[in-house]
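A closer look at the structure
The primary structure of each chain is shown beneath.
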Amino acid sequence: MQNSSTIGFIGAGNMAYAIISGLINNGTSANNIKISDTNEELLSQRKSEFNLEVFTDNSELVEKCDIVVLAVKPQVLLAVCKDIKDSLNDNTLIVSIAAGIRSHDIDRWLGLGRHIVRTMPNTPALLNQGITGLFANEHVSDEQKSTAKSVLDSVGSCLWVDKEEMLDAVTALSGSGPAYFFLMIESMAKAGVALGLDENSAQKLSIQTALGASMMAKNSEDSPHELRAKVTSPNGTTQAAIEYFQDHDFEITITHAMRAAFDKSHEIATELGEAE
Ligand SMILES: NC(=O)c1ccc[n+]([C@@H]2O[C@H](COP(=O)([O-])OP(=O)(O)OC[C@H]3O[C@@H](n4cnc5c(N)ncnc54)[C@H](OP(=O)(O)O)[C@@H]3O)[C@@H](O)[C@H]2O)c1
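Within each chain, residues carry numbers counting from 1 in the order of the written sequence. In keeping with the model being predicted, local features are shown solely for residues with a pLDDT of at least 70 and side-chain atom pairs are shown and tallied solely at 80 or more, while totals for entire chains, interfaces and linings include all residues. Working from all heavy atoms in the structure, the side-chain values ignore hydrogens and water.

1. Description of the packing of helix 1 (residues 14-25) against helix 2 (residues 40-50)
What counts, and what does not: Note on geometry: axes are lines fitted to C-alpha atoms, helical ones only across the stretch in contact, with angles between N-to-C directions running from 0 to 180 degrees. Segments assigned H or I by DSSP are reported as helices when at least four residues long, segments assigned E as strands when at least two residues long, and all are numbered from the N terminus. Roughly parallel means an angle under 35 degrees; roughly antiparallel, over 145; roughly perpendicular, 65 to 115; everything else is oblique. Here a crossing is called left-handed whenever its near helix is offset anticlockwise from the far helix by less than a right angle, and right-handed whenever the offset is clockwise. Note on contacts: a residue pair is in contact if any heavy atoms of the two residues lie within 4.5 Å. Here the term charged refers only to Asp, Glu, Lys and Arg, the term nonpolar to Ala, Val, Leu, Ile, Met, Phe, Trp, Tyr, Cys and Pro, and the term polar to all other amino acids, Gly among them.
Between helix 1 and helix 2, the shortest axis-to-axis distance is 12 Å and the interhelical angle comes to 15°. As the angle between them shows, helix 1 and helix 2 are arranged roughly parallel. Regarding helix 1 and helix 2, the two cross each other, and that crossing is right-handed. In this structure, helix 1 uses Asn14, Tyr17, Ile20, Ser21 and Ile24 to contact helix 2, whose residues at the interface are Arg46, Glu49 and Phe50. Classifying every residue of the contact of helix 1 with helix 2 gives 4 nonpolar, 2 polar and 2 charged.

2. Quick notes on the pattern of salt bridges
Defined as follows: The working definition used for a salt bridge is a side-chain nitrogen of Lys or Arg within 4 Å of a carboxyl oxygen of Asp or Glu. Note on exposure labels: buried denotes an accessible area under 20% of the residue type's maximum, exposed denotes more than 50%, and partly exposed covers the range between, all computed with a 1.4 Å probe on protein chains only.
This model, assessed by the stated rule, comprises 10 salt bridges. With a shortest N-O distance of 2.7 Å, glutamate 53 and lysine 34 are connected by a salt bridge. Residue glutamate 53 is found in strand 3 (residues 53-55), and its partner lysine 34 is found in strand 2 (residues 33-36); the two are separated by 19 residues along the sequence. On the basis of relative accessibility, which here comes to 10%, the residue lysine 34 falls in the buried class. Look at the salt bridges and you will find they share partners, linking Lys34, Glu53 and Lys64 into a network.

3. A few points about the site of the ligand
Using the following cut-off: What makes a residue near a molecule or strand is one non-hydrogen atom of that residue sitting within 4 Å of it. Think of a polar contact as two N or O atoms within 3.5 Å of one another; within protein, one of them needs to be a possible hydrogen donor and the other a possible acceptor, and neighboring residues in sequence only count if both atoms come from side chains.
Lining the immediate surroundings of the ligand are 23 residues, of which Met15, Asp37, Asn58, Val72 and Ile97 lie closest. At 2.6 Å, a backbone N or O of valine 72 approaches an oxygen atom of the ligand. The contact in question runs from an oxygen atom of the ligand to an N or O atom on the side chain of lysine 73, over 3.4 Å. Per-class residue counts for the shell around the ligand are 14 nonpolar, 7 polar and 2 charged.

4. Quick word on the environment of leucine 61
Along the chain, the position of leucine 61 falls in helix 3 (residues 58-63). Judged by relative accessible area, leucine 61 falls into the buried class, the value being 0%. Residues leucine 61 and serine 36, 25 residues apart in the sequence, show an inter-C-alpha distance of 6.5 Å. With residues up to four places along the chain from it excluded, the contact list for leucine 61 reads Gly8, Phe9, Ile10, Lys34, Ile35, Ser36 and Phe55.

5. Remarks on unusual backbone geometry
Positive phi values are uncommon outside glycine, yet asparagine 51 reaches one of about 55°. Residue position: asparagine 51 is located in the loop between helix 2 and strand 3. Backbone geometry places asparagine 128, a non-glycine residue, at a positive phi of 60°. Along the chain, asparagine 128 falls in the loop between strand 6 (115-120) and strand 7 (130-136).

6. Observations concerning the packing of aromatic side chains
To be explicit about the condition: For Phe, Tyr and Trp, rings pair up if their centres lie within 6.5 Å, where Trp contributes its six-membered ring, and each pair is then called stacked (planes under 30 degrees apart), edge-to-face (over 60) or tilted (otherwise).
If you walk through the whole model with that rule in mind, you get 2 aromatic pairs. Taking 5.4 Å as the distance between ring centres and 45° as the angle between the ring planes, the aromatic pair formed by tyrosine 17 and phenylalanine 50 counts as tilted. Residue tyrosine 17 is found in helix 1, and its partner phenylalanine 50 is found in helix 2; the two are separated by 33 residues along the sequence. The class of tyrosine 17 is partly exposed, set by a relative accessible area of 35%. Given a relative accessible area of 13%, phenylalanine 50 falls into the buried group. Here the aromatic rings of phenylalanine 245 and phenylalanine 250 are separated by 4.8 Å at their centres, their planes lie at 40°, and the arrangement is tilted.

Written as structure tokens, this is what we have:
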């Protein structure tokens, strides 16, 4: 982020906390960050954590910022947009992290022609291990794109999509994805208990295996497919399990599950965007 830009967060909850922590850890001065929220207790907590300026009036915050991050729940985004519409200036960059609300609906709610980057972060952002999909509308300049990316880079990595519909695919993969891995960890731990391990040991083995495998997949030059082939000796234990997965439609199940998430994401976006 440019050192001189001022960034304001509307909504001081979990995601705002994660991104602000990331920005400050990466060298952004707290003097260039502001927050507004309706929850005064939370605001005073954030003020003492980060020593930054806080507001209970969203429009007052917006007047003082070059970049505004919409970090409220999707259900209150329309009300927030109505609140701030007349206080934005023509160059304000809007970065929405609200799940599901499309950029053209935000643009309509804010008065047309706004510079909007819509993003889809995921929960590991809370540990700086997130991945965020980003989409920029036609009013966003290259410089604004790089500013928006630098904000989300503070909580992990980023990936641009050219078509906004692809954020539904990002939602189905990385947005909802942490829960798929939690289910896998949980199921493997339960299966370990069924094989005689105690619960704590089974959970520890399952979690550390997921972490180790992810780190190998991330750091290795081999693809996940090649890594799997390397650890699957012919007629060995891993092959016995993998064959069972494959004979029972593991990949098809995942494809269908993600299609269900994709369709749901599309449906929610349409429903929420219909509000006036
Ligand atoms: N958490 C995640 O992992 C994740 C991942 C991807 C996307 N997101 C998106 O990120 C956004 C924020 O999520 P979060 O988990 O940080 O939510 P959160 O913890 O509930 O924070 C939202 C904050 O906004 C406040 N608020 C409500 N109405 C407001 C208004 N009119 N003006 C200003 N502030 C208002 C809320 O106060 P009250 O609590 O008093 O209502 C709350 O403090 C959501 O849209 C979510 O879809 C989150």
